[in-house]
2 protein chains.
Amino acid sequence: MMVKHVFSFLEGDGKNKKLLGGKGANLCEMTQIGLNVPPGFVISTEACVQYLEAPNGELPEGLLDAVKVHMADIERATGKKFGDPDNPLLVSVRSGSAMSMPGMMDTVLNLGLNSQTLHGLIRQTSNERFAYDAYRRFIQIFGKVAMGIPDQYFDETLDAIKVRAGAISDVDLTIEDLKEIVELFHNVVEEQKFRPFPEDVWEQLNIAIKAVFNSWSGKRAVDYRKQFNITLDQANGTAVSIVAMVFGNMGNDSGTGVGFTRDPATGENKMFGEYLVNAQGEDVVAGIRTPRPIQAMAQEMPDLYHQLEELRDRLEKHYREVQDFEFTIEKGILYCLQTRNGKMNATAMVRTSVEMVNEGLLTKPEGLLRINPEHLEQLLYPGLDPNFKAEPLSQGLPASPGAASGKCIFDADSAERIGRAGQKVILVREETKPEDIHGFFASQGILTSRGGKTSHAAVVARGMGKPCVAGAEGIHVDTEHRLAIVGDRVLHEGDIITIDGGTGNVYLGEIPTIEPEFSSYLHTLLDWADESAKLGVMANADTPEAAEKARNYGAVGIGLCRTERMFNAVDRLPLVIDMILADTVEQRKEALNRLLPIQRSDFSGILKAMAPYPVTVRLLDPPIHEFLPSEGELEVQIEDLRRLHDTARLTEKNVESLKLIDPMLHSNYMAQRQGLPAFFASLDLTLIDAALAKKELMLQRARILKEVNPMLGHRGVRLAVSFPEIYEMQIRAILEAAADCIKEGIEVHPEIMVPQVCSVLELEYVQKIIDQVKKEVEESHGVEVNFKFGSMVEVVRACITADELAGASEFFSFGTNDLTQATFSFSREDAENKFLPYYQQQNILPENPFESLDVKGVGNLMKLAVKGGRSVRPDLKIGICGEHGGHPASIRFCHHAGLDYVSCSGPRVPIARLAAAHATMLEKSYDK
Amino acid sequence: MMVKHVFSFLEGDGKNKKLLGGKGANLCEMTQIGLNVPPGFVISTEACVQYLEAPNGELPEGLLDAVKVHMADIERATGKKFGDPDNPLLVSVRSGSAMSMPGMMDTVLNLGLNSQTLHGLIRQTSNERFAYDAYRRFIQIFGKVAMGIPDQYFDETLDAIKVRAGAISDVDLTIEDLKEIVELFHNVVEEQKFRPFPEDVWEQLNIAIKAVFNSWSGKRAVDYRKQFNITLDQANGTAVSIVAMVFGNMGNDSGTGVGFTRDPATGENKMFGEYLVNAQGEDVVAGIRTPRPIQAMAQEMPDLYHQLEELRDRLEKHYREVQDFEFTIEKGILYCLQTRNGKMNATAMVRTSVEMVNEGLLTKPEGLLRINPEHLEQLLYPGLDPNFKAEPLSQGLPASPGAASGKCIFDADSAERIGRAGQKVILVREETKPEDIHGFFASQGILTSRGGKTSHAAVVARGMGKPCVAGAEGIHVDTEHRLAIVGDRVLHEGDIITIDGGTGNVYLGEIPTIEPEFSSYLHTLLDWADESAKLGVMANADTPEAAEKARNYGAVGIGLCRTERMFNAVDRLPLVIDMILADTVEQRKEALNRLLPIQRSDFSGILKAMAPYPVTVRLLDPPIHEFLPSEGELEVQIEDLRRLHDTARLTEKNVESLKLIDPMLHSNYMAQRQGLPAFFASLDLTLIDAALAKKELMLQRARILKEVNPMLGHRGVRLAVSFPEIYEMQIRAILEAAADCIKEGIEVHPEIMVPQVCSVLELEYVQKIIDQVKKEVEESHGVEVNFKFGSMVEVVRACITADELAGASEFFSFGTNDLTQATFSFSREDAENKFLPYYQQQNILPENPFESLDVKGVGNLMKLAVKGGRSVRPDLKIGICGEHGGHPASIRFCHHAGLDYVSCSGPRVPIARLAAAHATMLEKSYDK
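Everything quoted here is computed from the prediction, not taken from an experiment. (Residues numbered from 1 in each chain as written. Chains lettered and ligands numbered in written order. Predicted model: local features only at pLDDT ≥ 70, side-chain atom pairs only at ≥ 80, totals over all residues. Heavy atoms only, no water.)

(A) Focus on the overall build of chain A. On a plain count of helices and strands, chain A comes out with 37 helices and 33 strands. Summarising its shape, the C-alpha atoms of chain A cover approximately 110 × 65 × 60 Å along the three principal directions. Sorting the 928 residues of chain A into buried and exposed places 56% on the buried side. Counted over contacts in chain A with a minimum sequence separation of 6, partners at least 24 positions apart contribute 68%. Split by element, the accessible area of chain A, about 38,300 Å² in all, is 51% carbon and sulfur. Of note, chain A has its 97 positive side-chain charges centred 2 Å away from the centre of its 130 negative side-chain charges. (Helix = DSSP H or I, 4+ residues; strand = E, 2+ residues; numbered from the N terminus. Buried < 20%, exposed > 50% of the residue type's maximum accessible area, 1.4 Å probe, protein only. Contact = heavy atoms within 4.5 Å. Areas by Shrake-Rupley, 256 points an atom, 1.4 Å probe, with all protein chains shown as cover. Lys, Arg positive; Asp, Glu negative; His and termini not counted. Charge placed at Lys NZ, Arg CZ, Asp CG, Glu CD.)

(B) View of the sheet that holds strand E9 (residues 272–277) of chain A. Residue and element names in this part refer to chain A. On the basis of which strands lie adjacent, the open sheet formed by five strands has the order E10-E9-E8-E11-E12 and antiparallel pairing. What marks the edges here is a single partner per strand, and that holds for strand E10 (292–293) and strand E12 (333–341). Sheet topology note: the E9/E10 ladder contains two bridges and is antiparallel. Counted as the bridge partner of Tyr-275 is Arg-292 from E10. (Pairing = 2+ DSSP bridges.)

(C) Layout of helix H8 (residues 201–215) of chain B. Residue and element names in this part refer to chain B. For H8, which comprises 15 residues, the first-to-last C-alpha distance of 21 Å matches the rise-based estimate of 21 Å (1.5 Å per residue) to within 8%. The complete set of buried residues in H8 reads Val-201, Gln-204, Leu-205, Ala-208, Ile-209, Ala-211, Val-212, Phe-213 and Ser-215. A distance of 2.7 Å separates the backbone nitrogen of Trp-202 from a side-chain oxygen at the start of H8, and that oxygen is part of Asp-200. (Expected span 1.5 Å × (residues − 1). Polar contact = N/O pair within 3.5 Å; in protein donor to acceptor, adjacent residues only side chain to side chain.)

(D) Just the interface of chain A and chain B, in detail. Listed as interface residues are 49 residues of chain A and, on the opposing side, 48 residues of chain B. Surface buried jointly by chain A and chain B totals about 4,400 Å² across both partners, of which 62% is contributed by carbon and sulfur atoms. Of all residues in chain A, A:Leu712, A:Arg797 and A:Ser825 bury the most surface against chain B, accounting for 15% of the area lost on that side. There are four salt bridges connecting chain A and chain B. The partner of A:Arg797 in a salt bridge is B:Asp854, and the shortest N-O contact between them spans 2.7 Å. Where chain A packs against chain B, one counts 24 residue pairs in polar contact (both at pLDDT 80 or more). By residue number, the principal contributor to the side of chain A that touches chain B is helix H34 (residues 828–841) of chain A, which donates six residues. Taken together, the residues of the side of chain A that touches chain B sort by class into 23 nonpolar, 14 polar and 12 charged. (Buried area = accessible area lost by both parts, 1.4 Å probe. Salt bridge = Lys/Arg side-chain N within 4 Å of Asp/Glu carboxyl O. Nonpolar A, V, L, I, M, F, W, Y, C, P; charged D, E, K, R; others polar.)

(E) Highlighting the relation of the copies chain A and chain B. The transformation that overlays chain A on chain B combines an axial shift of 0.0 Å with a rotation of 178 degrees, and the residual RMSD is 0.5 Å. With respect to symmetry, the two chain copies, as superposed, fit the operation of a two-fold axis. Across chain A, the smallest distance between a C-alpha and the rotation axis is recorded for A:Asn709, namely 1.8 Å. With an isologous cut-off of 70% or more, the 98% of interface residues of chain A that recur at the interface of chain B puts this contact in the isologous class. (Least-squares fit on C-alpha atoms with pLDDT ≥ 70 in both.)

(F) A look at the environment of A:Ala442. Residues and elements named next belong to chain A. With respect to the secondary-structure elements, Ala-442 resides in helix H17 (residues 437–442). Distance from Ala-442 to Met-698, taken between C-alpha atoms, is 28 Å for residues 256 residues apart in sequence. Leave out the neighbours within four places in its chain, and Ala-442 touches Ala-415, Glu-416, Gly-419 and Val-425.

(G) Layout of the UniProt feature "domain: Pyruvate phosphate dikinase AMP/ATP-binding" (unreviewed entry) in chain A. All names here are of chain A. Listed under "domain: Pyruvate phosphate dikinase AMP/ATP-binding" (unreviewed entry) in the UniProt record, and renumbered for this structure, are residues 18–54, 66–296 and 306–359. In this annotation, residues 18–54 is assigned 65% helix and 11% strand; the end-to-end C-alpha distance for the span is 20 Å. In this annotation, residues 306–359 is assigned 50% helix and 31% strand; the end-to-end C-alpha distance for the span is 21 Å. (UniProt positions renumbered as here; feature names shortened; annotations may be inferred.)

(H) A look at the packing of aromatic side chains. All names here are of chain A. Evaluation of the coordinates by the stated rule reveals 28 aromatic pairs over all chains. Summarising the aromatic geometry, the rings of Phe-82 and Trp-202 are spaced 4.8 Å apart at their centres and angled 80 degrees between planes, so their arrangement reads as edge-to-face. With Phe-82 in strand E3 (residues 81–82) and Trp-202 in helix H8 (residues 201–215), this pair connects stretches of sequence that are 120 residues apart. Residue classification places Phe-82 among the buried positions, given a relative accessible area of 7%. Overall, Trp-202 belongs to the partly exposed group, its relative accessible area being 29%. (Phe/Tyr/Trp six-rings, centres within 6.5 Å; stacked < 30°, edge-to-face > 60°.)

(I) Local environment of the pattern of salt bridges. According to the stated counting rule, one finds 122 salt bridges over all chains in the structure shown. One salt bridge in this structure joins A:Arg828 and A:Glu883, with 3.6 Å as the shortest N-O distance. Of the two residues, A:Arg828 is situated in helix H34 and A:Glu883 in the loop between strand E32 (877–880) and helix H36 (888–896); the sequence distance between them amounts to 55 residues. In this structure, the salt-bridge partner of B:Arg450 is B:Glu431, at a minimum N-O distance of 3.5 Å. Placement of the pair is B:Arg450 in the loop between strand E18 (445–448) and helix H18 (456–464) and B:Glu431 in the loop between strand E17 (425–429) and helix H17 (437–442), with a sequence separation of 19 residues. Residue classification places B:Arg450 among the partly exposed positions, given a relative accessible area of 42%. Where salt bridges share partners, they join A:Glu564, A:Arg618, A:Asp621, A:Arg715 and A:Asp818 into one cluster.

(J) The arrangement of the confidence of the model for chain A in detail. All names here are of chain A. Across chain A, pLDDT averages 89, with 95% of residues at or above 70. Low pLDDT (under 50) marks residues 677–683, which in the prediction has nine contacts with non-local residues, meaning those over four places away or in another chain. Model confidence for the complex: the whole-complex pTM is 0.80, and ipTM, which rates the interface, is 0.80. (pLDDT = per-residue confidence, 0-100.)

(K) Representation of the packing of helix H2 (residues 45–53) of chain A against H8(A) in the model. Residues and elements named next belong to chain A. Taken N-terminus to C-terminus, the directions of H2 and H8 make an angle of 85 degrees; their axes are 10 Å apart at the nearest point. Comparing the axis directions of H2 and H8 gives the class roughly perpendicular. Of the residues in H8, those in contact with Ala-47, Cys-48, Tyr-51 and Leu-52 of H2 are Lys-210, Phe-213 and Asn-214. Per-class residue counts for the contact of H2 with H8 are five nonpolar, one polar and one charged. (Axes fitted to C-alpha atoms, helices over the stretch in contact; angles between N-to-C directions. Parallel < 35°, antiparallel > 145°, perpendicular 65-115°, else oblique.)

(L) Inspection of the sheet that holds strand E7 (residues 239–244) of chain B at higher detail. All names here are of chain B. Pairing is antiparallel across the open sheet formed by five strands, whose spatial order is E1-E2-E7-E5-E6. In the strand order of this sheet, the two ends are held by strand E1 (6–8) and strand E6 (107–111), each with one partner. Each neighbouring strand pair of the sheet contributes to a mean axis angle of 20 degrees, computed without reference to strand direction. With respect to the sheet, helix H1 (residues 17–32) is in contact with E1, strand E2 (40–43), strand E5 (91–96) and E7, its orientation differing from that of E7 by roughly 25 degrees.

(M) Local environment of helix H23 (residues 585–610) of chain B. With 26 residues, H23(B) extends 35 Å from end C-alpha to end C-alpha; this agrees with the ideal 38 Å at 1.5 Å per step. The largest bend along H23(B) measures about 30 degrees and falls at B:Leu595, with the proline B:Pro597 one to four residues further on. (Bend = angle between axes of the 7 residues up to and from the residue.)

(N) View of the pairing of strand E21 (residues 483–486) of chain B. Residue and element names in this part refer to chain B. Sheet analysis places strand E20 (residues 475–478) next to E21, joined by four bridges and oriented antiparallel. Each residue of the ladder has a partner; that of Ile-475, found in E21, is Val-486. Linking E20 back to E21 in an antiparallel pair, the connection comprises four residues, with Arg-482 at a positive phi of about 55 degrees. Alignment of E21 against strand E22 (residues 489–492), held across four bridges, turns out to be antiparallel. Pairing of Ile-485 across the sheet is with Val-490, part of E22.

(O) Examining the pairing of strand E31 (residues 811–814) of chain B more closely. All names here are of chain B. What you see with E31 is no split at all: Phe-811 and Ser-813 on one side and Phe-812 and Phe-814 on the other are buried throughout. Here strand E30 (residues 788–793) pairs with E31 via four bridges, running parallel. Bridge pairing links Val-793 to Phe-814 in E31. In this structure, E31 lies alongside strand E32 (residues 877–880), joined through four bridges in parallel fashion. Its bridge partner lying in E32, Phe-814 is registered against Ile-880.

(P) Structural context of the nonpolar core. One finds A:Phe814 and B:Phe814 to be the most contacted residues of the largest nonpolar core, which totals 305 residues. Not counting residues within four places of it along the chain, the set of residues in contact with A:Phe814 comprises A:Val793, A:Cys799, A:Leu819, A:Met862, A:Ala865, A:Val866, A:Ile878, A:Gly879, A:Ile880, A:Cys881, A:Gly882 and A:Leu899. A:Met105, A:Val201, A:Ile230 and A:Ile242 belong to the second largest nonpolar core, which has 69 residues in total. (Core = buried A, V, L, I, M, F, W, Y, C linked by side-chain atoms within 4.5 Å.)

(Q) Fine view of the packing of helix H29 (residues 724–743) of chain B against helix H30 (residues 760–781) of chain B. Residue and element names in this part refer to chain B. Between H29 and H30, the shortest axis-to-axis distance is 9 Å and the interhelical angle comes to 40 degrees. In terms of their interaxial angle, H29 and H30 are classed as oblique. With respect to the hand of their crossing, H29 and H30 are arranged in right-handed fashion. Between H29 and H30, the contacting residues are Pro-724, Tyr-727, Glu-728, Ile-731, Arg-732, Leu-735, Glu-736, Ala-739, Asp-740 and Lys-743 on the first element and Tyr-765, Val-766, Ile-769, Ile-770, Val-773, Lys-774, Glu-776, Val-777 and His-781 on the second. (Left-handed = near helix turned anticlockwise from the far one by under 90°.)

Following this line, the structure appears as structure tokens:
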């Protein structure tokens, strides 16, 4: 039995891409749902494989006979005849395999043209120039694809004529030029192939089919399949689609255009597109004529417009998705040449989802699933007005999304001062440090010239939801002279700049920004998402303001409140430093007692902003040396102070430099100076000596506290084991804040979380402190304070011994950043700066595990922890609070691992809500 | 029914320590195996509990009656009578619970003495002084224990008499003094208790029994049980043993002594001990008379000596262990008062094991099990001659065992020079760095004034098997002035010192050392061990010499050969630095090509030394910045060179300082200077400029390569992913060395091991390099090179994805040091310096997991890896090469986890061999 190799568009199975290729199947589907597709047929991929395997290089037996039968069908359908000099049928011959391989294989248009049929085309289109242009293009493409003549021979000929004719582009060529080119192209073929260009249209077709088949095993295609790991199982051979050419340039009852079934910019349910009367697609591309909006067709060609609206309805009903389609009208007949899903911006995606669900076209899950959660990011940060064109001054890394404008300011203190005065500020630094944190609060955005996406600036800015461009290496920041140099341009402090954290661009001047819109459509969509999602979405937030924002994004609690962020604020850091410098427990407690009311008021504000949702407070995590300036900085400060001391007297200039060396000392000095001008010198020395002594103590302490691997150092609960009084103060601040709220009648749910836990005995150690403090607070405040106690799970051993940990934890929260570092033995900063790029390049780790959770390694550890924890405490609440908590693929994993919630930075909450819904809906198709 | 509370030594169950206490059960056992124990009986712990719980404070009903019955038995056996003024029976009343609680409860001797029986004792012993001394002691101890009179009242009285008599110690007191003391002690009792000292011996006994019972709930005992976690389940109540006193001072047919059944110093099968005729044990303690060696008894008291030999045989046959026993001879009758297992040094333990097995007294497993593997350490390192007494000059940490003497030298270069000249050297540094490695090779031992047991000096010295004392903080090293200051003593370079790495002591001058003896007994023992052990024992060794040594210790291969140790050698470091400074791949390859022959010859030497056992070579592991001096050092060197440049000329003094700044530059200079005195100045500047340029480049590179967390940084296979040419060179050196050996007819088994693997794709990446190099080497050498390819398993993700890794590995080797760091998120250096002491103190981690493998966390990960790996490759060879590989408890875990081998530093190989045998033999009792 002979296998069927050729399928008309009416009979081919539109779902069988393996047999018919993507393009062939698509044409069949379009035809069979009643769209008026130009008639044609597909030769199967099986025929291709058979041909390529045949030892004699012949097409499969009977294939050409079948092709002839189908060509006759096309002739009948179009009323044209293949090779007819009067009314010639022209066809396109297109490749197409099961997997899209754009540009890798060949396509021939206008096949069937020869010196005879050319004149039929001229007559039919009344457009001699068009016909000759099509002819010369056909000769070149056929010569190259089917006969193997390199492009360069044709291009050189064409260029010679263009030079002679003074033509800048192809459209400047006259009909006479084109005729001569046709002539010369024929010569090229004869010279290169020692035979004339085939006049026989059947020979043309035969050669073209073979050429398309052969292109499957061409170097380009083979390399492409290798690079993208396309296996024979996914695609084997290319199909060939042969389609009647239709022409939109056959008079005023003809035309061509493109359309979207809905507005891709706004999502409005209204056809969108443009068209040209009596024109071919090439005219639009060449820009010779300006197309008109599609709505104009209602007047110009009302009947065809009606057909177009029918087409649009049919497309949406069938594809259940906004379609981007191409059409040609040949002599009053509308042909649909191609359709595919329309690409839209996030605004349009959200609106069309909501409306298509409301119209009954989609179910809610379909409406949710068609939106990639990451796509929502566009809607959640201010962006630059796309209508405003500007050249970027420089570019860095897009480190935290959003756009912002403001005066560039080169240090955090000034940023704070100017920001407080109500001006917009962009903090510009070589790199930022924890002690710059007050500058972040006061700025619209942050720009650094050094550091990557995980630099201090990037991480903190993302946490605060502020735009940040990091590592803009083209910018040389000169803090001393209060300027920055960008190429040969100088930026003075106070100049206005704009940064776009979504692209990394930096602009001079103020560029208008568009505020994010949290439209009613988005609200509806996310409400639907919440209905499906099993995972709750909480936010990481460290201040009452951030908590407020997170609520607006739909967070149902705070999954991570980092207390060290509070320690870094400018009014607290000196107290923290006193705590670090303490020689005795008493001194340390004294400093902590001064911190207590500040922390208490922080917690109180956050609890109130989130009430009645839970607020998970993580006790102090980083090693305490992070709160000291670096050794190098201290050495410089000490040298400066010594020099100042040696001058023995503060001149006005010295006073200014004192401000740079030690702002605290400066403000003390300014306070003392009030009304005491006569005693300058004597006062100064005392002050300076005191400052010097303190700095020297700080340096000494910094040297003692220095660690080889701070990531694995003296931090988290390890601090509590050596200095229990720190956690004691923090626990007291939390419980007192909660007690105060309860007395005000506010329902609060604090949760106390211990970081860096590796053994249940650490939890029991902290629990003892808590029990004592709880008793004292309840007695002094006269109310009962309920809270949960739990463990960060970010140390590998915590995962392995989760059953034990669960005995002392009411909840687990995975810290997947640290857990990933420990699982891979990768220090994130070092890895991203030094070797991860090589790993990605070599495909050893195609995805950065700090961005996308490593399911195989880290994920399996998490599953062990979930299993271990729940084996002891079945109702154990489990969540994730690392950056992965806002990453859709990771959220999907968390869903399957049985977590209860994810927590992410505020602006990613909507993304996470949608991703959580996706995870539920895609449950069955999860295969990891 | 009345419960039986009192058991004679003839009827008590010698195994029932819970009921009879350790001491009581022991006395019963001794009696029942036919030893002549003084007659006596035990009151059970149950009686104690019943007494302590009784509300009325009365002894259990019938107890005293039973005691009287048993006292009558004693009277019959001894022919003495309790309370008889002529021939009085005296008894000891001793406490003893199921768990040993030394010194926590009370014992009363010579009970039964009163003003009447005293005279009987005098008559019997003909020793009035002895009797009065015993009486005054009895009054004091009874007064304190049974009547609750504080010691101080008695002591003050005694002291007053001593002062008056001009007596320095108790033995200086005359009989008259003692009589007065007895008088006065009676007064003390009356004054304190308003009653006379009890004359009635039954009252004495009654009170004493209650007092011993009560001591169980005394504060001392309760605290002790709390501290050592002794539960009621383990021990509840104390028993009371009542034993007839026997006296060795009843004439020349009496005596006392102690003995060992074999020589505890040598293990020789010969009774060892000493005795005194007509004396009590106290006489030995007081040092009044010098005891004689036990063999002298053969002449002096041949019959008794014969009895003693019988006793010895009986003891060994019964206890099947060398016994340490006490005896007393009263009027020609030998009594055995006590016996316990003898404490011996390692030499004796080994010899007695071998001989007792050969005698048929023990089975081989018993002979092996009685030796603690750690105990062998004594035999494997030189130690200080214990006969030589000296005061240590200072003390540090015992960082690497062994003792050594030599001239103290303050830098590695000088150490190398002087060491090569054949002199013994101790390298003395504040702390050591990788660039000091050549100094280690040349030295007998290393002494540092900073750093802990895991400092560079400690780790490297342990690896080399050289003694090291680290962190001797009392020593202030002043390299510049070539001296060290210890308190007010100055140590000049060249002074001889001795260090003892087993104790941490540092001595001035040379102390004789004893070389380790690898006796034929030890060989026999370890051969037996190898017969039982399932785990193979390999060694970690990085040089041919170390490989040779390891073989002698019985290693059956090298489990870890660290190639970076070779990189640090002084002739190679400059090449390594060139490699680091390379700007292009070509430059890097050029430097590597110069390293290739050196590495090849290293590998060749090691392979030959170990042939035909396997040699596992780990490819480069540390981050390459470790091969550069620190930034600080480079900054100083650069400043020095600049200054030198400014002087524009090298004076002789400058030449000397040049040597300190840059030894390479110095030696270049010295070479050039040969015969060219006239051109000094011009030559120097060129040289200095070149050196300066290089140092500046090094500084720049050091800054670029600096890492935040080097432990988790750009190291191991990550280096190969970015710079494949490094591994390529090392692989080529290994395979060429192997090929050369094969051509010489030597059977070699190289194994190539990749460090820091986290993904199978890394292994496949290296495998590709290997395939290529193997092909080239086999072609150029004309022989086939067989080897194994495998993975270090030291990254958590490697454990989790072990099934995948096993697809590309023929063996796994656990690196448990790094694995422990990653599992706990503890940086070892930071942890041991900063917080682990707190963890140990708080009992959160009672054992340092870097010393004893953490079975619960790290161990479970290892088990996962073993299971995963073997699921894919059932014959996967699995070992461990971290420091834990030489730690007995960890070896036992490895046995149970199904490992094939352990690898440890050479001198620990014998320990590991014994521990591996123990693991097999103790298989059933493993409970983790």
